[in-house]
Amino acid sequence: AELRGDGALIFFGYPRSHGDEPERAIRAALGIVEAIGKTVTARGAPLQVRIGVATGVMAIDESILNKPAVAGEAVVLAARLQEIAEPDTVVISQLTRSLAGDFFAAADLGARELKGFAEPIPAWRVSATKTMPSRFKALHHAEQSAFVGRVRERQTIMEAWQLARGGTG
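Every residue gets a number counted from 1 within its own chain, in the order that chain's sequence is written. Only residues with pLDDT of at least 70 are given local features in this predicted model, and only at 80 or more are side-chain atom pairs given and counted; all residues enter the totals for whole chains, interfaces and linings. To obtain the side-chain values, all non-hydrogen atoms of the structure were included, while hydrogens and water were left out.

Working definition of a nonpolar core: buried Ala, Val, Leu, Ile, Met, Phe, Trp, Tyr and Cys residues. They are joined through side-chain atoms within 4.5 Å. Three labels apply to residues, based on accessible area from a 1.4 Å probe with only protein chains included: buried if under 20% of the type maximum, exposed if over 50%, partly exposed otherwise in between. Of all hydrophobic cores here, the largest spans 15 residues; its most connected members are Ile 26, Ile 51, Val 53, Val 90, Ile 92, Phe 104 and Val 126. Listing elements by their share of this core, those giving two or more residues are helix H1 (21–37), strand E3 (50–53), strand E6 (89–93) and strand E8 (121–129). Contact between two residues is taken to exist if any of their heavy atoms lie within 4.5 Å; hydrogens are not considered. When residues no more than four places from it in sequence are discounted, the contact partners of Ile 92 are Ile 26, Val 53, Leu 81, Arg 97, Pro 122, Ala 123, Trp 124 and Val 126. By size, the runner-up hydrophobic cluster in this structure holds eight residues, among which are Val 91, Leu 114, Ile 121 and Ala 123. The secondary structure listing takes helices from DSSP runs of H or I that are at least 4 residues long and strands from runs of E that are at least 2 residues long, numbered from the N terminus.

This is the structure:
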């Protein structure tokens, strides 16, 4: 959406939401780190990048020179997370981590004092994508609880399963 000095402001979910914006943003960030890591300057020095990703509600005004102007805590938080990121790393907010599920390996950096925020803000460093057996499992952190009680209901389900296996719908 906007270039700021040697940085860029990138939106996910604007102008159209897909429902998995935190995941898309982290995947894009990891892709940028990988691509930049393969790039060298004219002097042969490797380029480095630091990325901050935050999720939140923003106000967007498109009336200014056909360029979206944004305001919101997520923009400031992403910039502050980028500031604490080590070179070639991605740091994300707690909300982004929660919404992205377990698709990524992330290390807890603890709550950090960030300029402009009254309370320390939890931060996470993402290092890689993880292979998950299912999208459902990745997005639902808690393990499924044991099936307790409901003996009659379970028996009905098992009888229906046996009928279906035998060819009766």
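What follows picks up the thread again.
Moving on: empty space enclosed by the protein. Think of a 1 Å grid over the protein atoms and nothing else: a 1.4 Å probe that fits but is trapped marks a cavity, an open set flanked by protein within 12 Å on at least five of seven lines marks a pocket, and residues with an atom within 4 Å of a point count as lining. Grid points are joined across faces, edges and corners, and a volume is the space filled by probe spheres set on the points. In the structure shown here, the tally under the stated rule is one cavity of 30 Å³ or more. Lining the largest cavity are Ile 26, Ile 92, Arg 97, Ala 100, Gly 101, Phe 104, Ala 106 and Val 126. Those elements that provide at least two residues to the lining of the largest cavity are helix H3 (94–100) and strand E7 (104–112). Under the scheme applied here, ten amino acids are nonpolar (Ala, Val, Leu, Ile, Met, Phe, Trp, Tyr, Cys and Pro), four are charged (Asp, Glu, Lys and Arg), and all others, including Gly, are polar. The residue makeup of the lining of the largest cavity, split by class, is six nonpolar, one polar and one charged.

The next point concerns a nonpolar patch on the surface. Note that patches include only residues with greater than 30% relative accessible area and no salt bridge, and the join distances are 9 Å for like charges and 5 Å for nonpolar side chains (Val, Leu, Ile, Met, Phe, Trp, Tyr). Surface accessibility follows the Shrake-Rupley procedure with a 1.4 Å probe radius. Residue values consider only the protein chains on display as shielding. Salt bridges, as used here, are contacts in which a Lys or Arg side-chain nitrogen is within 4 Å of a carboxyl oxygen on Asp or Glu. Taken together, the side chains of Ile 10, Phe 12 and Ile 32 make up a nonpolar region of the molecular surface, amounting to roughly 240 Å² of accessible area. Relative to the elements of secondary structure, Phe 12 occurs in the loop between strand E2 (7–9) and H1.

To continue, consider H1. For a helix, the expected span equals 1.5 Å multiplied by the residue count minus one. Over its 17 residues, H1 runs 24 Å from end to end, which matches the ideal 24 Å to within 8%, given 1.5 Å per residue. Among the residues of H1, those classed as buried are Glu 21, Pro 22, Glu 23, Ala 25, Ile 26, Ala 29, Leu 30 and Val 33.

A separate point is the layout of surface pockets. Considering only enclosed or pocket space, the largest pocket measures out at about 1,100 Å³ in volume. Along the wall of the largest pocket there are 36 residues; nearest its centre are Ala 8, Leu 9, Ile 10, Gly 52 and Ala 78. Among the secondary structure elements, those contributing two or more residues to the lining of the largest pocket are E2, H1, E3 and helix H2 (73–84). It is H1 that provides the largest number of residues to the lining of the largest pocket, a total of seven residues.

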